[in-house]
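Observations on the model geometry
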Amino acid sequence: MQRGMSRRNFFKLGGAAALGAAGTAALTGCSPQQASDGVDAAEATQSQNGWSWETAPEPIDDSAIVETVEKDFIVVGAGLAGVSTACSIAENGGEVVVIEKNATYSWRGAHYGSINNRRWREQGVEVDPTDVTRDWIAQCNSRCNERLVWTFLNRSGEALDWLSDKVEAHGGVVDLLGCCYQNPTYKNITDPLFILKVRFFHQTRRAAPTNEEIGNFEMAIYSLYNDAVDAGAEFSWNAKAAQLVKEDNRVTAVIAETEEGYKKFVGRKGVIMCTGDISGNDEMCEAYSPLMLRCEQTQYVPVGANMGEGQQMGMWIGAKMEETPFSPMIHPQGYLQLSQWFLSVNTLGNRFMNEDTWGQGKSLGVLTTPGNADHAWCIFDSEWQNQIPETLDIGGGMFWVGPDHLYGQEYSPGFNQGQFDTGVENGMVKQGDTFEELADAIAADEPSFDKEVFLAEVERYNELCRAGKDTDFGKREQLLYEIKNPPYYAAKYGPCRMVCPGDMLINTNSQVLGEDDKPIEGLYAVGNCSGGLYAVDYPLVVLGDSHGRCVTFGYLLGRQLMGVE
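Residues numbered from 1 in each chain as written. Predicted model: local features only at pLDDT ≥ 70, side-chain atom pairs only at ≥ 80, totals over all residues. Heavy atoms only, no water.

**Let's talk about the overall build of the protein chain**
A tally of helices and strands in the protein chain yields 16 helices and 20 strands. Burial statistics for the protein chain: of 565 residues in total, 61% are counted as buried. Sequence-distant contacts, at least 24 apart, represent 76% of the contacts inside the protein chain between residues at least 6 apart. When the accessible surface of the protein chain is totalled, it reaches about 21,300 Å², and 45% of it is carbon and sulfur. (Helix = DSSP H or I, 4+ residues; strand = E, 2+ residues; numbered from the N terminus. Buried < 20%, exposed > 50% of the residue type's maximum accessible area, 1.4 Å probe, protein only. Contact = heavy atoms within 4.5 Å. Areas by Shrake-Rupley, 256 points an atom, 1.4 Å probe, with all protein chains shown as cover.)

Right, dumping it as structure tokens:
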């Protein structure tokens, strides 16, 4: 990270000087920005020769504070991590208020990863954490904090049982997904829990009452939120955290901007950052995970929620950041979720990788090929729907059978056929009765596409299939299906910019560490604003582990703070 001064040197030198100038109250923060407005990496406001957050905001004077709220614990952010933490604190007798910049809590996704939870044990499925840890560390390039990995794996089953009981108590359904990818090199060790929608219309969500039916994605946080409120947790909406207050080497409060003016939320026993990742902030992605910027597609909601404000606040009071690059979650679902193991060619017409790989790996292959755009084309013939069920015992996975395929369920072509039909309608599926026609159809969308290169690649691929050995990229022979039954198809797929977890380093007690590697008193972090659990690449050993880690560490921290652990 060089823009005249390295980040580490800035915070050791310039940052320390800025903190000293602020006196006993060290403050940090940036106003959240909507992703629709953007924080464009090329246009982001920057300090001279540096990043924009390297300029400390002026401390908010006490005279600007219109109200002071004191509680034992202040949680910043009402996403899955924040609501889980608040619920655990309140249920164990703690006094807690959650501040959130939006008008209600936020949610996304219905997949919750853990190992050895009760529902899997009831099916006779238990896994050895040692096996999971080994593959997790390998997929993180051996740069993750192994103590955090072990904490998650040893306690995630317990935490997800806690969540599942809540969901079912509120009328929801918890099922087991059957989406494990069976390649022995990149095998998913366990499938996630799948949270299904509540079976009735409701008017009880206190944050934003509605008559709409709760959907799959919202059901978990809906349950956690209502249980938290019932246990005494308080929520302050439209309260945008702006600065942390550090006095006598301890974080004591957070100042938030509200419609009434600035409010100071004092945490007598701690302030807990649950502000999410940096994926909505292009400048921070450029600094910490530039690969994210190569993805043109994003599905992260709500727009503008994850701008890295918590990380910036933490850095200004001396929090130590994880080494770069952060681990981007980039699933191959940015266009169509059709790729499976079929032949893939890039936007130049070249085959570029072994298509039999994990979802993160497929996305990386697309993004790191020189000269390629942010997508590729999956090539198959008219027998494709018959070939998929033939491969499930050795392949499978979320991007093979669909993201809602339940454990023990027979393969249904519905999801993949739906993706295909959608692609035909919007032009992301091309068709040709000959390979020449197919090449022309792709080239109409791809200015750099070389038809002759593509035709040679298809011919070569079919030769390898007939020979039964992929000497070019090493795809398993059981997946070498010759493309020979017209019409032929090309489906557009590519990585989707999901989340970029990492950021402030923590210990196994979720305490934020300072540049001296010692805990900063009074400051904690849970969820995707905390670092160390991942590194370099997002592991898919345990599907849904980003959601699972938010619940697990929130559950554990609440119990720990209240002396239950």
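**Concerning the side chain of S164**
Of note, S164 is situated in helix 6 (residues 146–169). Reaching out from S164, the side chain makes a polar contact with the backbone oxygen of L160 at a distance of 2.7 Å. Beyond its immediate stretch of four places on either side in the chain, S164 contacts R119, V174 and L193. (Polar contact = N/O pair within 3.5 Å; in protein donor to acceptor, adjacent residues only side chain to side chain.)

**Regarding the sheet that holds strand 10 (residues 297–298)**
Paired through backbone hydrogen bonds, the strands of a sheet run either parallel or antiparallel to each other. The sheet built from three strands is open, its strands ordered 10-16-11 with mixed pairing. A single partner strand is all that each edge strand has here, and the edge strands are strand 10 and strand 11 (329–331). Alignment of strand 11 against strand 16 (residues 496–499), held across three bridges, turns out to be antiparallel. The residue of strand 16 that forms the bridge with H331 is C496. (Pairing = 2+ DSSP bridges.)

**Focus: the sheet that holds strand 13 (residues 376–381)**
Spatially, four strands are ordered 12-13-15-14 in an open sheet, and the strand pairing comes out antiparallel. With partners counted over all chains shown, the strands left at the sheet margins are strand 12 (343–346) and strand 14 (429–432), one partner each. Adjacent strand axes in the sheet meet at a mean angle of 25° when their direction is disregarded. Pairing geometry for strand 14 and strand 15 (residues 488–493), over four bridges, is antiparallel. Directly across from V429, in strand 15, lies its bridge partner A491. (Axes fitted to C-alpha atoms, helices over the stretch in contact; angles between N-to-C directions.)

**Let's talk about the packing of helix 6 against helix 16 (residues 545–561)**
Between helix 6 and helix 16, the least distance of the axes is 8 Å, while the angle of their chain directions is 85°. Between helix 6 and helix 16, the crossing angle belongs to the class labelled roughly perpendicular. Residues L148, T151, F152, R155, S156, E158, A159, L160, W162 and L163 of helix 6 pack against D545, G548, R549, V551, T552, F553, Y555, L556 and R559 of helix 16. (Parallel < 35°, antiparallel > 145°, perpendicular 65-115°, else oblique.)

**A word on the confidence of the model for the protein chain**
The predicted coordinates of low-pLDDT regions are not to be read in fine detail. Across the protein chain, the average pLDDT comes to 87, with 88% of residues at 70 or higher. Low pLDDT (under 50) marks residues 1–48, which in the prediction has 111 contacts with non-local residues, meaning those over four places away or in another chain. (pLDDT = per-residue confidence, 0-100.)

**As for helix 15 (residues 451–467)**
With 17 residues, helix 15 should reach 24 Å at 1.5 Å per residue; the first-to-last C-alpha distance of 25 Å fits that figure. Taken together, the buried positions of helix 15 are occupied by F454, L455, E457, V458, Y461, N462, L464 and C465. Where helix 15 is buried, its residues meet strand 12, strand 13 and helix 14 (435–443). Measuring from the backbone nitrogen of E452 back to the side-chain oxygen at the start of helix 15 gives 3.1 Å, which picks out D450 as the cap. With its phi angle positive at about 80°, G468 sits one or two positions after the end of helix 15. (Expected span 1.5 Å × (residues − 1).)

**Digging into the nonpolar core**
Among the nonpolar cores identified, the biggest contains 142 residues, and Y112, W136, L244, I272, M273, Y288 and L523 are the most heavily contacted of them. With nine residues, helix 6 is the largest single contributor of residues to this core. Apart from residues no more than four positions distant in its own chain, M273 is found in contact with V76, L244, G310, M313, M504, L523, Y524, A525, V526 and C529. Core analysis: the second largest hydrophobic core is formed by 18 residues, F449, V458, L480 and I483 among them. (Core = buried A, V, L, I, M, F, W, Y, C linked by side-chain atoms within 4.5 Å.)

**Some points on the pattern of salt bridges**
One pass over the full model with this rule turns up 30 salt bridges. Here R118 ties to D165 by a salt bridge, and the two come within 2.5 Å at their closest N and O atoms. With R118 in helix 4 (residues 118–122) and D165 in helix 6, this pair connects stretches of sequence that are 47 residues apart. (Salt bridge = Lys/Arg side-chain N within 4 Å of Asp/Glu carboxyl O.)

**As for the pairing of strand 5 (residues 193–196)**
Side chains L193 and I195 of strand 5 all project onto a buried face; the interleaved residues F194 and L196 project onto the opposite face, where all are buried too. Here two bridges tie strand 3 (residues 111–112) to strand 5, and the two strands are oriented antiparallel to one another. Across the sheet, residue H111 finds its bridge partner in strand 5, namely F194. In this sheet, strand 5 lies alongside strand 4 (residues 173–176) in antiparallel orientation, the contact comprising four bridges.

**Structural notes on the pairing of strand 15**
Each regular strand carries side chains that alternate between the two faces of the sheet. Within strand 15, six of the six residues are buried, leaving the element largely enclosed by the surrounding structure. Pairing geometry for strand 13 and strand 15, over six bridges, is antiparallel. What sits directly across from C378, in strand 15, is A491.

**Some remarks on the packing of helix 3 (residues 80–91) against helix 7 (residues 219–230)**
Where helix 3 meets helix 7, the axes come as close as 8 Å, and the angle between the chain directions of the two elements is 35°. Considering how the two elements wind past one another, helix 3 and helix 7 form a crossing that is left-handed. Residue-level inspection shows L80, V83, S84, A86, C87, A90 and E91 of helix 3 in contact with helix 7, the latter providing I221, L224, Y225, D227 and A228. Here the residues of the contact of helix 3 with helix 7 are counted per class, giving nine nonpolar, one polar and two charged. (Left-handed = near helix turned anticlockwise from the far one by under 90°. Nonpolar A, V, L, I, M, F, W, Y, C, P; charged D, E, K, R; others polar.)

**Section: the environment of Q243**
Position of Q243 relative to the elements: it lies in strand 7 (residues 240–247). Judged by relative accessible area, which is 3%, Q243 ranks as buried. Spatially, the C-alpha atoms of Q243 and I317 are 9.5 Å apart, while their sequence positions differ by 74 residues.

**As for the environment of L343**
By the element assignment, L343 lies in strand 12. Assessed through its relative accessible area of 1%, L343 is described here as buried. Taking the C-alpha atoms as reference points, L343 and L480, 137 residues apart in sequence, are found 9.1 Å from one another. The residues touching L343, leaving out its near neighbours within four places in the chain, are R351, E355, W377, C378, I379, V458, Y461, K475 and I483.

**Digging into the packing of aromatic side chains**
Evaluation of the coordinates by the stated rule reveals 25 aromatic pairs. With a centroid separation of 5.3 Å and an interplanar angle of 40°, the aromatic rings of F342 and F380 are classed as tilted. With F342 in the loop between strand 11 and strand 12 and F380 in strand 13, the pair connects residues that are 38 residues apart, well separated along the chain. By the burial criterion, F342 is buried, and F380 matches it. In this structure an aromatic cluster arises from ring pairing among Y181, W341, F342, F380, W384, W400, F420, Y481 and Y489. Across the ring face of Y493, the terminal group of K362 is positioned such that the distance to the ring centre comes to 5.9 Å. (Phe/Tyr/Trp six-rings, centres within 6.5 Å; stacked < 30°, edge-to-face > 60°. Lys NZ or Arg CZ within 6 Å of the ring centre and 35° of its normal.)

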